[in-house]
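Inside the fold
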Amino acid sequence: MTLSSTTKTTKPFDGQKPGTSGLRKAVKVFQQENYTENFVQCILSAMEGALEGCTLVVGGDGRYFGKEAVEVIVKMCAANKVRKLLVGQNGILSTPCVSGVIRKFSTSGGIVLTASHNPGGPNADFGIKFNISNGGPAPDGVTNKIFGLSQTIQEYKICPDLQCDISKVGTQEFVVDGNPFTVEVIDSVDEYVQYMKELFDFPAIKGLLQGTDGQPPLKVLINSMHGVTGPYVRRIFLEELGASEDSVVNTIPLEDFGGHHPDPNLTYAADLVEAMKNGDYGFGAAFDGDGDRNMILGHKAFFVTPSDSVAVIADNTDCIPYFRKNGVKGLARSMPTGCSIDRVAAKRGVEVFEVPTGWKYFGNLMDAGRLSICGEESFGTGSDHIREKDGIWAVLAWLSILAVRKTTVEKALHNHWQTYGRNFFTRYDYENCEADPCNAMMAELDSMASDSSMIGKELSRGNKHYKIAKIDNFEYTDPIDGAIAKKQGIRILMSDGSRVVFRLSGTGSSGATVRLYIESYESDQSTFTKDAQEVLKPLVEISLELSKLRERTGRQEPTVIT
Ligand code: VG1
Ligand code: CO
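What counts and how
Residues numbered from 1 in each chain as written. Chains lettered and ligands numbered in written order. Predicted model: local features only at pLDDT ≥ 70, side-chain atom pairs only at ≥ 80, totals over all residues. Heavy atoms only, no water. Salt bridge = Lys/Arg side-chain N within 4 Å of Asp/Glu carboxyl O. Helix = DSSP H or I, 4+ residues; strand = E, 2+ residues; numbered from the N terminus. Buried < 20%, exposed > 50% of the residue type's maximum accessible area, 1.4 Å probe, protein only. Lys, Arg positive; Asp, Glu negative; His and termini not counted. Polar contact = N/O pair within 3.5 Å; in protein donor to acceptor, adjacent residues only side chain to side chain. Contact = heavy atoms within 4.5 Å. Core = buried A, V, L, I, M, F, W, Y, C linked by side-chain atoms within 4.5 Å. Donors = N, O, S within 2.8 Å, 3.2 Å for Na, K, Ca; no water. Expected span 1.5 Å × (residues − 1). UniProt positions renumbered as here; feature names shortened; annotations may be inferred. Pairing = 2+ DSSP bridges. Axes fitted to C-alpha atoms, helices over the stretch in contact; angles between N-to-C directions. Near = heavy atom within 4 Å. Nonpolar A, V, L, I, M, F, W, Y, C, P; charged D, E, K, R; others polar. Parallel < 35°, antiparallel > 145°, perpendicular 65-115°, else oblique. Left-handed = near helix turned anticlockwise from the far one by under 90°. Right-handed = clockwise from strand over helix to strand, strands pointing away.

Glancing now at the pattern of salt bridges. Applying the stated criterion across every chain, the model contains 38 salt bridges. Residue K75 pairs with E71 through a salt bridge whose shortest N-O separation is 3.3 Å. Residue K75 and its partner E71 are both found in helix α3 (residues 66–79); the two are separated by four residues, about one turn of the helix. Residue classification places K75 among the buried residues on the basis of a relative accessible area of 11%. One salt bridge connects R333 with D342, and the closest N-O pair in it is separated by 2.7 Å. Salt bridges sharing partners connect three or more residues here, namely R333, D342, E354, K470, D472, R491, R499 and E519.

A word on helix α10 (residues 306–315). Most of α10 sits out of view: nine of its ten residues are buried. Listing the buried residues of α10 in full gives P306, S307, D308, S309, V310, A311, V312, I313 and A314.

Note on placement: D290 falls in the loop between β13 (283–287) and β14 (294–298). It turns out D290 is buried and unbridged, and the closest side chain with the opposite charge, K129, is 5.3 Å from it. Within the structure, the side chain of D290 is placed 2.9 Å from the side chain of S116, a separation counted as a polar contact. Ignoring sequence-local partners within four residues, the contact set of D290 consists of D61, S94, T95, P96, T114, S116 and V228.

In terms of nonpolar packing, the biggest core is built from 70 residues, with F237, F283, W398 and L399 touching the most fellow members. In terms of residues, this core owes the most to one element, helix α14 (residues 391–405), which gives eleven residues. The residues touching L399, leaving out its near neighbours within four places in the chain, are I205, L208, L209, L218, V220, F237 and F283. Core analysis: the second largest hydrophobic core is formed by 47 residues, L23, C54, M76 and Y156 among them.

Let us look at the coordination of the cobalt ion (ligand 2). Listed as protein donors to the cobalt ion (ligand 2) are S116 (OG), D288 (OD), D290 (OD) and D292 (OD); their distances from the metal cover 1.8 to 2.1 Å. Going along the chain, you hit the donors of the cobalt ion (ligand 2) in the pattern S-x171-D-x1-D-x1-D. Residue S116 is found in the loop between β6 (110–113) and β7 (125–131), and its partner D292 is found in the loop between β13 and β14; the two are separated by 176 residues along the sequence.

Glancing now at helix α2 (residues 35–46). The terminal C-alpha atoms of α2 lie 17 Å apart, and with twelve residues this matches the ideal 16 Å at 1.5 Å per residue to within 8%. Of the residues one or two after α2, E48 is the one with positive phi, at around 45 degrees.

This brings us to the UniProt feature "domain: Alpha-D-phosphohexomutase alpha/beta/alpha" (unreviewed entry) in the protein. UniProt tags residues 16–156, 190–297 and 326–420 as "domain: Alpha-D-phosphohexomutase alpha/beta/alpha" (unreviewed entry). Structurally, residues 16–156 is divided into 36% helix and 23% strand, and its ends, taken at the C-alpha atoms, are 15 Å apart. Helix makes up 44% of residues 326–420 and strand 19%, and the two end C-alpha atoms of the span are 25 Å apart.

With that settled, consider the sheet that holds strand β1 (residues 2–3). The strand order across the open sheet formed by eight strands is β1-β9-β10-β5-β4-β6-β7-β3, and the pairing between neighbours is mixed. At either margin of the open sheet sits one strand with a lone partner, and together these are β1 and β3 (23–26). The pairing of strand β9 (residues 170–176) with strand β10 (residues 179–186) spans seven bridges and is antiparallel. Of the residues in β10, the one forming a bridge with G170 is V185. Helix-sheet contacts for α3 involve β4 (55–60), β5 (84–92), β6, β7, β9 and β10, and the interaxial angle to β5 is about 170 degrees.

For the rest of this paragraph, the subject is the site of ligand 1. Looking at ligand 1, there are 19 residues lining it, with T20, S116, H117, G506 and T507 nearest. At a separation of 3.0 Å, an oxygen atom of ligand 1 approaches a polar side-chain atom of R24. Within the side chain of D288, an N or O atom sits 3.0 Å from an oxygen atom of ligand 1. Split into classes, the residues belonging to the shell around ligand 1 amount to no nonpolar, ten polar and nine charged.

For any two helices packed against each other, the geometry comes down to the angle between their axes and how far apart the axes lie. At their nearest, the axes of α2 and α3 sit 10 Å apart, and the two run at 45 degrees to each other. Classed by the angle they form, the pair α2 and α3 counts as oblique. Of the two elements, α2 crosses α3, and the hand of that crossing is right-handed. Contacts between α2 and α3 involve T36, E37, V40, Q41 and L44 from the first element and V72, I73, M76 and C77 from the second. Grouping the amino acids of the contact of α2 with α3 by side-chain chemistry returns six nonpolar, two polar and one charged.

This part covers the environment of V233. With respect to the helices and strands, the residue V233 is situated in helix α8 (residues 229–240). Sequence separation of V233 and V249 is 16 residues, and the distance between their C-alpha atoms is 9.4 Å. Among all residues touching V233, those that are not within four sequence positions of it are I222, S224, L238, V248, T251, F287 and I392.

Next up on the list: the pairing of strand β16 (residues 330–334). Side-chain positions along a regular strand alternate between the two faces of the sheet. For β16, the tally of buried residues reaches five of five residues, placing the bulk of the element in the interior. A two-sided burial pattern is seen for β16, the buried positions comprising G330, A332 and S334 on one face and L331 and R333 on the other. Sheet topology places β16 next to strand β17 (residues 351–355); five bridges connect them, and they run parallel. Paired with A332 across the two strands is F353, which belongs to β17. You can see the chain leave β16, run along helix α12 (residues 340–348) and come back into β17, and the turn it takes is right-handed.

Attention shifts here to the environment of S340. Mapped onto the secondary structure, S340 falls in helix α12. For the pair formed by S340 and Y35, sequence separation is 305 residues and the distance between their alpha carbons is 43 Å. For S340, the contacting residues outside a window of four places in its chain are S307, D308, A311 and N423.

What follows is the structure, given as structure tokens:
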């Protein structure tokens, strides 16, 4: 049967501006007539000449409204003369998997249906993100173009009668307006697992979990938080690595993630922390809704800050076959991320980059062959094997290190601090505040950046004294294409190297979320075992006072501390 497409008239919606990582709004917003169609058309139109005849990848984290969105995207791609779609079975693909598939099949990009760590369900959030042909999130230039189109859109193209079954793996051929159109439904897990087996030494990790060379088996607890990683975790840990069924939990993906925030941190993954505390497990991990974030815990819930996690991986790349083969070209972190990786870069004699928050800023550096491993304090860790952060990759990297070094998570960290000193780090999140007072607070902090009388100002709390060395609103010039990103967060740099950063979140779907990042460096061994919250408390208090955050937000305590 020959299908034909139609052009529907529409009107622009306000606020279709992609944030840190795609467009995230309440499901109810996406369900408005034409809302999703408009945004999808803008993504496709922004591809301009590259659209006709191209291949795209489509998949998401399985959250509520995902299937409806996939259906719309398939019908619209057909009408917009896309040649072929690679769609995850039932519309499901983890974010790292989308990135890998885009790269492996050299497609022109992909559309990812996820709001990542935001809650899901009919009363929670949905999201749409566009990834470009390198497999990474679209850079600002592209997202600005999409947003621009969304402000003037008058019509979109759709093939309403196209029926496509995405529940079965295989290829379906259509003819739309006389042109061939192919939908290939791919297994959501296969490609990813094959790739991980190329990057890591699976037999060595299996040996670690089962016990070899006189070493006792390492008991692991992997928590998928009812997100997209469930099937990936089951295949890798149970089938490939031979772990026992009780090593994996919450591996059934749910459209509402069981009603929780699918965000692997100490607050929202409290069940993992609790389960680890009794000491039965030597290693624990959790992932977010779309599988790009990870939290690593050691025996008795010993917490590894993401800033330290990426530094330890960067320091132990000889334990991982991929890096033994490809070498390590450079390292990077996002601006608010703790600086431990900088010290590793200095020792290894490689470049280190400080980019704005969001994985999209790492892509160019990787494409240019200048960046191998990078991370964000927000539980994002990854490498140039793909162009997204990758939760399961991070866990396999850690297990590789434990297998080769014959050590524990805690010992690996202590060893790291012995060599480099410790960057104490914490982040306070004030979620869902009123937007206006938060904007006013940021404006006031911004004005401090141009107030020279602030420099040299002494701030004290108890017996801790700090002196302001510099205040700025972080600006980044991409070393590869020269693109400039302005106003990426207020940095208050102290004379002893301690740092305070204020940012407003770009992933929330309503109101404002303030993030306060605090870091201080200690080289004195006797401090290494101290509790980070205790060490950083004076600087937290100073920052709250300086910004008048409590008065501005009306919040005495943060929603989440990590
Ligand atoms: C947050 C994190 C940022 C991360 C982004 C996407 O952004 O801080 O580091 O890249 O989420 O992560 P923001 O603007 O809310 O601070 V994910 O796993 O939600 O795609
Ligand atoms: Co995510």
